[in-house]
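Take a look at the letters that make up each chain.
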Amino acid sequence: FLFMKKLVFFILSFLTLQFSFAQYDPGKINKKAVALFTQAMERIDDGSLTNAAGLLQQAIETDKNYVEAYLALAGIYGKLKNHTNSISQYEKAMAIDSNYTIDYNLAYSIQLAGVGEFEKALDALNELLTKKPPKNQTSLESAQRRKKSYEFAVDYAKNNAVKNYVFAPHNIGGNINTAESEYFPSLTIDGKELVFTRRLKGVNEDFYYSKLKAGEWDLARPLEGDINTPMSEAAQNISSDGQWLVFTANNRDNSFGNYDLYISYLTPNGWGEATNLGGRINTDQWDAQPCLSPDKKDLYFASRRLGGYGGKDIYVSHLQTNGRWSEPENMGPGINTTGDDECPFIHVDNQTLYFVSNGWPGYGGNDLFVTRKGIDGVWEKPKNLGYPINTIYDEGTLFIAADGKTAYYASDRSDSKGGHDIYNFELREDLRPNKTLWVKGKVFDKKTNTGLSSSVELIDLSSNKTISKIQTDETGNYFLTLPVGKDYAFNVNRKGYLFFSDNFLMADRSPDSIYEKNIALLPIETNASIVLKNIFFDVNKFELKPASQAELDKLIQLLLDNPSLKIEISGYTDNVGKPADNLLLSNNRAKAVVNYLVSKNISPQRLTAKGYGETKPLADNKTEDGRALNRRTQMKVVSQ
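Presented here is a report on the structure given in the accompanying data block. None of the values given here were measured: they were computed from a predicted structure.

Each value, and the rule that gives it
Note on numbering: residues in each chain are counted from 1, in written sequence order. Where local features are concerned, this predicted model is filtered to residues with pLDDT of at least 70; where side-chain atom pairs are given and counted, the filter is 80 or more; whole-chain, interface and lining totals use all residues. Side-chain measures were taken over the full set of non-hydrogen atoms in the model, leaving aside hydrogen atoms and water. Each helix is a run of DSSP H or I of at least 4 residues and each strand a run of E of at least 2, with the numbering of both proceeding from the N terminus. A radius of gyration in this sense is built from C-alpha atoms; the matching globule rule multiplies 2.2 Å by the number of residues raised to 0.38. When a residue's accessible area, from a 1.4 Å probe over protein chains only, is under 20% of the maximum for its type it is buried; when over 50% it is exposed; and in between it is partly exposed. To measure how exposed things are, a 1.4 Å probe is used in the Shrake-Rupley method; for residues, cover is taken only from the protein chains shown. Neither His nor the chain ends contribute to the count of charged residues, in which Lys and Arg are positive and Asp and Glu negative. Charge placement uses NZ in Lys and CZ in Arg. For Asp and Glu, CG and CD serve respectively. Geometry is summarised by axes, namely lines fitted to C-alpha atoms with helices restricted to the contacting stretch, and by angles between N-to-C directions that run from 0 to 180 degrees. Working rule for angles: under 35 degrees goes down as roughly parallel, over 145 as roughly antiparallel, 65 to 115 as roughly perpendicular, anything else as oblique. Crossing chirality is assigned from the near helix's rotation relative to the far helix, an anticlockwise turn below a right angle marking it left-handed and a clockwise turn marking it right-handed. Should any heavy atoms of two residues lie within 4.5 Å, those residues are counted as being in contact. Residue type decides the class: Asp, Glu, Lys and Arg count as charged, Ala, Val, Leu, Ile, Met, Phe, Trp, Tyr, Cys and Pro as nonpolar, and the leftover types, Gly among them, as polar. Every helix has an expected span of 1.5 Å times one less than the residues it contains. Definition of a polar contact: a pair of N or O atoms within 3.5 Å, with one able to donate and the other able to accept a hydrogen when the atoms are protein atoms, and with sequence-neighbouring residues admitted only if both atoms are side-chain atoms. Salt bridge criterion: a side-chain nitrogen from Lys or Arg within 4 Å of a carboxyl oxygen from Asp or Glu. In this text, buried Ala, Val, Leu, Ile, Met, Phe, Trp, Tyr and Cys residues form a nonpolar core when linked through side-chain atoms within 4.5 Å. At least two DSSP bridges between two strands are required for those strands to pair. Residues are called lining when one of their atoms sits within 4 Å of a cavity or pocket point, these points coming from a 1 Å grid over the protein atoms alone, where a cavity is a set in which a 1.4 Å probe fits but cannot get out and a pocket is an open set with protein on both sides within 12 Å along at least five of seven lines. Grid points are joined across faces, edges and corners, and a volume is the space filled by probe spheres set on the points. Any pair of Phe, Tyr and Trp rings, taking the six-membered ring for Trp, is counted once the centres come within 6.5 Å. Such a pair is stacked with planes under 30 degrees apart, edge-to-face with planes over 60 apart, and tilted for the rest. Charge-over-ring contacts are defined here by two conditions on Lys NZ or Arg CZ: a distance within 6 Å of the ring centre and an angle within 35 degrees of the ring normal.

Tallying secondary structure elements over the protein gives 11 helices and 34 strands in all. A globule of 640 residues ought to have a C-alpha radius of gyration of about 26 Å, yet the protein, at 33 Å, is considerably larger. Taking the principal axes of the C-alpha coordinates as reference, the protein spans close to 110 × 50 × 50 Å. Burial status across the protein gives 51% buried among its 640 residues. Split by element, the accessible area of the protein, about 30,100 Å² in all, is 49% carbon and sulfur. If you average the places of the 73 positive and of the 78 negative side-chain charges in the protein, the two averages end up 4 Å apart.

Now the structure itself:
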């Protein structure tokens with residue numbers, strides 16, 4: 001309404017202005033056209049923009065030199081975000097008299113920027129600031145701020161691969177989107193379940209979900225269980241494995257004040273009643289927009305708490321071994337600014353973070369940014385996602401699917417079914433996260449088939465650093481991601497059982513698989529044995545390779561945890577070469593492992609080394625895969 005009042009006042013004022021130096025004379029406009037213009041201003045005052053636009057068209061048809069009518073019509077189209085028609089009307093007015101219309105260069109530039117014409121927008125603004133800078137301080141500051149945004153946009157287009165990128169958002173359909181508003185899309189890592197917020201009757205917000213069936217989303221329905229309430233809950237994020245849901249709620253009885261973060265867990269009967277995440281995570285200030293890391297060890301969120309760098313800052317809290325969340329850490333000035341930084345989303349690669357900010361240079365308002373965590377754990381300088389993903393308007397949350405290229409967001413585009421709808425689009429290649437595989441499965445007792453709560457650890461073999469360490473749930477189910485391009489050791493531990501080890505040699509493999517690995521653990525008892533899959537030697541040599549250290553350290557820990565345990569380290573080979581040479585090689589390899597354990601203060605009386613050469617194959621030696629299985633190091637329990 002305020003916009004309409006200002007528009008009426010500003011445009012009518014031109015009816016009395018005379019410019020002796022200008023070609024255009026408003027006093028010579030056809031009186032019938034002026035009457036239609038006056039009626040249009042009344043319709044604007046009533047809020048009837050469509051009717052006003054029709055009257056202005058009639059005024060222009062009556063007098064094609066009617067500059068004020070073109071300008072008013074341009075203003076209406078701009079209000080309706082019909083940038084193309086707005087630009088056309090401004091340019092028709094400016095073609096009649098560019099001096100008379102120069103005060104409109106700022107409004108004209110905004111419409112140009114709305115369709116990505118940033119160079120033309122910058123030219124129009126520079127002309128205004130050079131020839132007739134706005135006398136009103138607010139308008140002047142707005143023009144200067146817009147100029148910086150346009151300069152950023154022009155520079156970005158020159159230095160980033162955006163020319164061949166096609167931004168084509170796709171409305172994901174009527175089974176998800178309705179006449180209500182739908183937003184905050186969140187998917188499980190397999191891409192088969194979508195959870196989102198729907199605003200019912202424009203007031204209450206509830207969570208809905210849909211399953212992907214035969215490539216189509218089925219009809220969305222409310223989340224089952226006790227998670228939805230008569231109050232609003234929104235800004236949710238479902239964990240990658242689909243078992244946890246974190247979200248924001250306002251002024252509940254158990255809140256710490258304002259917006260708080262909550263968590264709900266999936267049960268056999270649906271989602272359980274939500275739990276407030278507590279006084280470390282929540283404050284009496286605004287705490288919202290949570291996002292879980294794929295291993296559920298890190299919780300990212302936005303907060304307006306005291307001690308930050310600006311308005312809203314992004315924080316991260318870590319899940320401790322006691323099941324409690326740590327004191328949140330501000331992510332620092334490398335991400336947070338003096339403005340608002342919010343809506344964090346960590347991709348399943350656990351290394352790429354997307355967020356919204358109005359503090360970093362951009363296109364104006366809230367823009368989307370991406371930052372990646374380096375091998376040293378430091379986040380790189382955030383990168384603007386660029387036009388047309390970012391626009392001159394405020395952008396909201398973004399969710400990137402596990403494939404790294406399909407992005408989901410909410411928008412009120414022209415093909416919306418009502419309010420905000422959920423869309424997907426293909427993310428520009430240089431903005432995509434690291435390609436990732438994932439592993440899921442169940443840990444169980446090999447003898448009883450009972451699920452076991454266990455520790456699952458993923459180690460980078462090249463650096464011996466732990467990439468991920470998670471605890472399975474009570475029934476032994478686990479889930480973790482595998483960033484491609486590296487080789488990994490995979491270890492599972494539980495007290496009273498022999499540890500399990502395997503490797504994922506992914507350095508030269510494409511991300512084209514989902515692993516399901518169910519793991520049977522053997523109780524510690526006499527004659528129980530396991531293959532040590534992450535003990536490595538060069539061909540025909542018995543010196544331990546550095547990549548073996550992670551496995552050896554696990555073996556040492558097992559012996560320290562069970563001080564009466566005595567073991568045999570056994571070496572085996574394939575049948576390539578002479579049997580005597582193979583027997584010697586296997587024996588020397590077993591001794592190398594024992595010698596390492598002794599060097600770490602494990603009593604030699606608890607250790608036996610024995611080589612079996614090629615005598616006990618696990619597979620046929622006729623294939624390379626079979627021979628690889630036969631070349632192994634084993635550990636057997638001698639006594640406990």
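Having put the structure on the table, let's press on.
At a minimum axis distance of 9 Å, the contact between helix H3 (residues 49–62) and helix H4 (residues 67–79) shows a crossing angle of 155°. Taken as axis vectors, H3 and H4 run roughly antiparallel relative to one another. As for how H3 packs across H4, the hand of that crossing is left-handed. Residues Leu49, Ala52, Ala53, Leu56, Gln57, Ala59 and Ile60 of H3 lie in contact with H4, whose contacting residues are Ala69, Tyr70, Ala72, Leu73, Ile76, Tyr77 and Lys79. Split by residue class, the contact of H3 with H4 holds 12 nonpolar, one polar and one charged.

This part is about helix H8 (residues 137–159). Between its terminal C-alpha atoms H8 stretches 33 Å, which fits the 33 Å expected from 23 residues at 1.5 Å a residue. Residues of H8 that are buried make contact with helix H6 (105–114), helix H7 (118–131) and strand E19 (383–384). In this structure asparagine 136 caps H8, since a side-chain oxygen of it lies 2.9 Å from the backbone nitrogen of threonine 138.

Attention now goes to the pattern of salt bridges. In this structure the tally under the stated criterion is 26 salt bridges. Note that lysine 447 and glutamate 525 form a salt bridge whose closest N and O atoms lie 2.3 Å from each other. Of this pair, lysine 447 sits in the loop between strand E23 (436–445) and strand E24 (455–460) while glutamate 525 sits in the loop between strand E30 (519–521) and strand E31 (529–531); the two residues are 78 residues apart in sequence, bridging distant segments of the chain. Residues joined by salt bridges that share partners form a network here, namely Asp574, Glu624, Arg627 and Arg631.

Core analysis: the largest hydrophobic core is formed by 92 residues, its most contacted members being Leu56 and Leu398. In terms of residues, this core owes the most to one element, H4, which gives nine residues. Other than its neighbours up to four places away in sequence, leucine 56 contacts Phe37, Ala40, Met41, Ala69, Ala72, Leu73 and Ile76. Leu498, Leu559, Ile569 and Met635 belong to the second-largest nonpolar core, a separate cluster that totals 27 residues.

Pairing of strand E20 (residues 399–400) with strand E21 (residues 406–411) involves two bridges; the strand directions are antiparallel. Looking at E21, one finds that isoleucine 400 is bridged to alanine 407. Between E20 and E21, which follow one another and run antiparallel, lie five residues, and glycine 404 among them has a positive phi close to 80°. Bridge analysis of E21 against strand E22 (residues 421–426) gives six bridges, and the strand direction is antiparallel. Bridge pairing in E22 links threonine 406 to glutamate 426.

Attention now moves to empty space enclosed by the protein. A probe as big as a water molecule, rolled over the atoms, marks out the empty space that is left. Enumeration according to the criterion identifies three cavities of 30 Å³ or more in this entry. Size it by volume and the largest cavity reaches roughly 160 Å³. Considering the residues around the largest cavity, the lining is formed by 15 residues, among which Phe184, Gln236, Pro290, Pro344 and Thr397 are closest to the centre. A class-by-class count of the residues in the lining of the largest cavity yields 10 nonpolar, five polar and no charged.

Both the distance between ring centres and the angle between the ring planes are used here to describe each pair of aromatic rings. Applying the stated rule across the entire model yields 25 aromatic pairs. With a centroid separation of 5.3 Å and 85° between ring planes, the pair formed by phenylalanine 118 and tyrosine 387 is classed as edge-to-face. Here phenylalanine 118, found in helix H7, pairs with tyrosine 387, found in the loop between E19 and E20; they are 269 residues apart in sequence, far enough to count as distant. We classify tyrosine 387 as partly exposed; its relative accessible area is 23%. A centroid spacing of 5.8 Å and a plane angle of 45° characterise the contact between phenylalanine 152 and tyrosine 156, whose relative ring orientation is tilted. Of this pair, phenylalanine 152 and tyrosine 156 both sit in helix H8, four residues apart, which is roughly one turn of the helix. Tyrosine 156 carries the same exposure label as phenylalanine 152, and that label is buried. Here the aromatic cluster, defined as three or more aromatic residues joined through ring pairs, consists of Phe118, Phe152, Tyr156, Tyr363 and Tyr387. A cation over an aromatic ring shows up here: arginine 305 above the ring of tyrosine 315, its NZ or CZ 5.1 Å from the ring centre.

This paragraph deals with the sheet that holds E19. Read from one edge to the other, the open sheet built from four strands follows the order E16-E17-E18-E19, with strand pairing classed as antiparallel. The two strands at the open ends of the sheet, each matched to only one other strand, are strand E16 (341–346) and E19. Bridging between strand E18 (residues 367–372) and E19 involves two bridges; their strand directions are antiparallel. Each residue of the ladder has a partner; that of phenylalanine 369, found in E19, is asparagine 384.

Locating threonine 62 in the fold gives a position in helix H3. Take threonine 62: its relative accessible area is 31%, and that puts it in the partly exposed class. Sequence separation of threonine 62 and phenylalanine 479 is 417 residues, and the distance between their C-alpha atoms is 70 Å. Not counting the four nearest positions on each side in its chain, threonine 62 is found in contact with Asn30, Lys32, Ala33 and Leu36.

At their nearest, the axes of helix H2 (residues 31–46) and H3 sit 8 Å apart, and the two run at 170° to each other. By the angle between their axes, H2 is roughly antiparallel relative to H3. Listed contacts from H3 to Lys32, Ala33, Leu36, Phe37, Gln39, Ala40, Met41, Arg43 and Ile44 of H2 are Leu49, Asn51, Ala52, Leu55, Leu56, Gln58, Ala59 and Thr62. Tallied by class, residues from the contact of H2 with H3 come to 11 nonpolar, four polar and two charged.

Our next topic: the environment of aspartate 287. Checked against the element boundaries, aspartate 287 lands in strand E12 (residues 287–292). Residue contacts for aspartate 287: discarding those within four places in its chain leaves Thr248, Tyr259, Asp260, Leu261, Ile281, Asn282, Phe301, Ala302, Ser303 and Arg305.

As far as function goes, none of this settles anything; it's purely spatial.
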